[in-house]
Structure formats: structure tokens, C-alpha cells
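What the coordinates show
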Amino acid sequence: MSASAPVLPDGRVAEGERPPHRPRRPGRALAGGVLLLVGALLLPLSLAAVRARAELTETDGYVAAVAPLAGNAAVQQAVVDDVTDAVMAHVRLDGLLKAVPRAERPAVRRHFTRGIRQFVAKQVRQVVTGRGFPAVWNGVHRTAHRRLDGRLAASGRAAVTLDLTPVVERVKRQVSHNGMGLDIVRRVPRAGVEIVLLKAPDVPRIRAVYKVVRTGALLLPPAAALCLTGGLLLARRRRRALIWAGLSCAAAGGLLAGALALARSRTLDALPAMVSRPAAGAYADALTGPLRTGVWLVIGAGALTAALAAAGPPALRTLRTRRRAARADAGS
């Protein structure tokens, strides 16, 4: 505004005396819009990469994420089933059936097998629901995560497993005071009760993803921040740019939330029939819980930013008008 341009009482410049507009630069506006869009897309992706890197590389963080599952009913039932199956695989009734007529042996075998399985499952459940189980649970997952980290950092195709042997050892001590339990204890080996978390053929593919995630966790957050900042600086209308930036970030976060839900559903549907769906769902929710919380924070922050940017100038104008009116009243 020039020094000689008359100013109206409400603070506006007279139409005929407005200074000439600066020439528009469509290239600058386009570059700013592209940067804002790229930054909005990179923001939730950077959040996902940082969270994935933390779960793949930080053992303490992973153990803290799965620790609450020790008290989850679906997970406890899955552990009871897996350990009971492992114990029953070593139960032999041939010696007990020698005195039974051959024609009656199948029925007697089913009867004894069902009774022994109920007994073993009861002992396993007492261990799994006991006060000492959370410590065993955390130790099992700590060992498994260290193996996973080692497999991904090195070469080779060795599978990654969850070793439930510590649970079996506690079951052995649980049944050691029972005569039938002693026979079962002698037949169960010390090791070999494992759940395969990552099959050997899948290790190279997951290792490649692991490398991409580690790189992305380092590069994506600063790239998102630089793109958003650069887009706002290049924009001619900052308020409008801030509104679109907030809405774009919220929309990108919504897309990531939808992708996580779809990936969870398809992963559970692809599991073998022997795997407990409720237990697998509890695992998925525990591992992705912090990421989903972060995504919703991005959605909320983006929507709030857009709302404040849209409502800011009118609110400021109203406040200025009220101040001017108050001054006019005071002057009169």
C-alpha cells in the first residue's frame, strides 16, 4: 500500500488507489501444491515406517507390545491347545492296551486319549493362567524377537519360531506329583515345542522389506516435513494452502487406516485352519495398536488444522471490528 493511498474508516484501501497486483506465478503455486500433496502422503507413510522399524529392531518395544497378550483369553486358549498337542504327540498307550481285547482297543484308546488330553489341558491351563506365566511369556517373545532380528540382519533362510519349551517345562513341574503325569513327563522331550512365526522360504522377502523399512524410517519423516513446509512457503494464499494441507493429511491418514484394516482382514483369512483366528487377531491388534493410534492422531490433527485455518481470519476480523467499535465508543 502506497503512503498516499487513502484509507477508509474500516481499514480498507480505496478501490481506485490500490497498489498494482504482483504478477501471478503459476509455476510457484503448482510447485507448492505438489509439495503439499507429497508431504501429506508421506506423513502417514513415515509414521508406519517408524513404527515398523521400532517393532523389527527394538526388542524391548516388541515385548512391551505383546506383554498384555499373556492375559488375553483367546491367546491363552491357543497356547493351551498348542502345548497340549505337543504333549499328546508323545503319549503312547500301546502298553496299556495289551490287556484289552483287540476288538475293544479302538474304543478304549479313544476313551483314554480323551481323558489324558483333558488332564494335560487342565494342567497347561493352570500354568497359562498362573501368576508366573507373564514372565515366561515375555521371555519366550524376547528370545523369538532376538532370533528374528538376527535372521533379518544376516543372510540365510533359517525359520523364525516361537519356542514354547519353557511353558512345557512348567507343565512338567505341574504334573510331576501325579503318577500318570510322571509317565507323560518321561515321554515329552526337552525341546521341540515351537510355533513357526516366519517360514524359511519367506525370510529373504521379509529381509528385503526390513531393509526398505529401515531406510524409510530415516528418510520419510524429514522428507514429509520439508515437503509440507516448502509447500506452505511457496503458496500465495497461505490460509487456503494450510486448509488443503490439513485436509490432505487427514485423508492420507484415513487411507492408511483403511489399508491397515484391509491387510488385517486378508491376513487372518489367509491363515491355515489350525491357527486360532481370535488369537491371531489379538496379535495383530497388539502390534498395530500404536500405529493405529498415531494414524488417528494424524487424522484429528489434520482436520483440526484445516478447521482452525478456515475459521481463523473471520474470527480475527470480528475481533478487530469489536475493538474498533469499542475504541469509537470510548472516543465519543
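Conventions used here
- Residues numbered from 1 in each chain as written.
- Predicted model: local features only at pLDDT ≥ 70, side-chain atom pairs only at ≥ 80, totals over all residues.
- Heavy atoms only, no water.
- Phe/Tyr/Trp six-rings, centres within 6.5 Å; stacked < 30°, edge-to-face > 60°.
- Helix = DSSP H or I, 4+ residues; strand = E, 2+ residues; numbered from the N terminus.
- Buried < 20%, exposed > 50% of the residue type's maximum accessible area, 1.4 Å probe, protein only.
- Salt bridge = Lys/Arg side-chain N within 4 Å of Asp/Glu carboxyl O.
- Axes fitted to C-alpha atoms, helices over the stretch in contact; angles between N-to-C directions.
- Parallel < 35°, antiparallel > 145°, perpendicular 65-115°, else oblique.
- Contact = heavy atoms within 4.5 Å.
- Nonpolar A, V, L, I, M, F, W, Y, C, P; charged D, E, K, R; others polar.
- Core = buried A, V, L, I, M, F, W, Y, C linked by side-chain atoms within 4.5 Å.

1. What to know about the packing of aromatic side chains
By the definition in use, this model includes two aromatic pairs. Relative to Trp137, the ring of Phe133 lies with its centre 5.8 Å away and its plane at 45°, an arrangement referred to as tilted. With Phe133 and Trp137 both in helix H6 (residues 133-153), this residue pair falls four residues apart, about one helical turn. By relative accessible area, which is 2% here, Phe133 ends up buried. Aromatic side chains Trp137 and Tyr283 sit 6.1 Å apart centroid to centroid with 40° between the ring planes, which places their arrangement in the tilted category. Here the residue Trp137 occupies a position in helix H6, and Tyr283 occupies one in helix H11 (residues 277-331), the gap between them amounting to 146 residues.

2. Examining the pattern of salt bridges
Using the criterion set out here, one finds four salt bridges in the structure. Where Asp85 meets Arg117, a salt bridge forms, and the shortest distance between an N and an O atom there is 2.6 Å. With Asp85 in helix H3 (residues 73-88) and Arg117 in helix H5 (residues 105-128), the pair connects residues that are 32 residues apart, well separated along the chain. By relative accessible area, Asp85 is classed as partly exposed at 38%. For Arg117, a relative accessible area of 32% puts it in the partly exposed group. With a closest N to O distance of 2.8 Å, Arg264 and Asp285 form a salt bridge. Taken together, the residues Arg264 in helix H10 (residues 238-269) and Asp285 in helix H11 connect sequence positions 21 residues apart. Assessed through its relative accessible area of 32%, Arg264 is described here as partly exposed.

3. Regarding the packing of H6 against helix H7 (residues 165-175)
Here H6 crosses H7 at 150°, and the two axes come no closer than 9 Å. Taken together, the axes of H6 and H7 are roughly antiparallel relative to one another. Contact residues: Phe133, Val136 and Val140 in H6; Pro166, Val167 and Arg170 in H7. In terms of residue class, the contact of H6 with H7 is made up of five nonpolar, no polar and one charged.

4. Digging into the nonpolar core
The biggest cluster of nonpolar side chains holds 35 residues, and the ones touching the most others in it are Val79, Val83, Trp137 and Val167. Among the secondary structure elements, those contributing two or more residues to this core are helix H2 (59-66), H3, H5, H6, H7 and H11. By residue number, the principal contributor to this core is H3, which donates eight residues. Among residues more than four places away in sequence, those in contact with Val83 are Val124, Leu164, Val167, Val168 and Val171.

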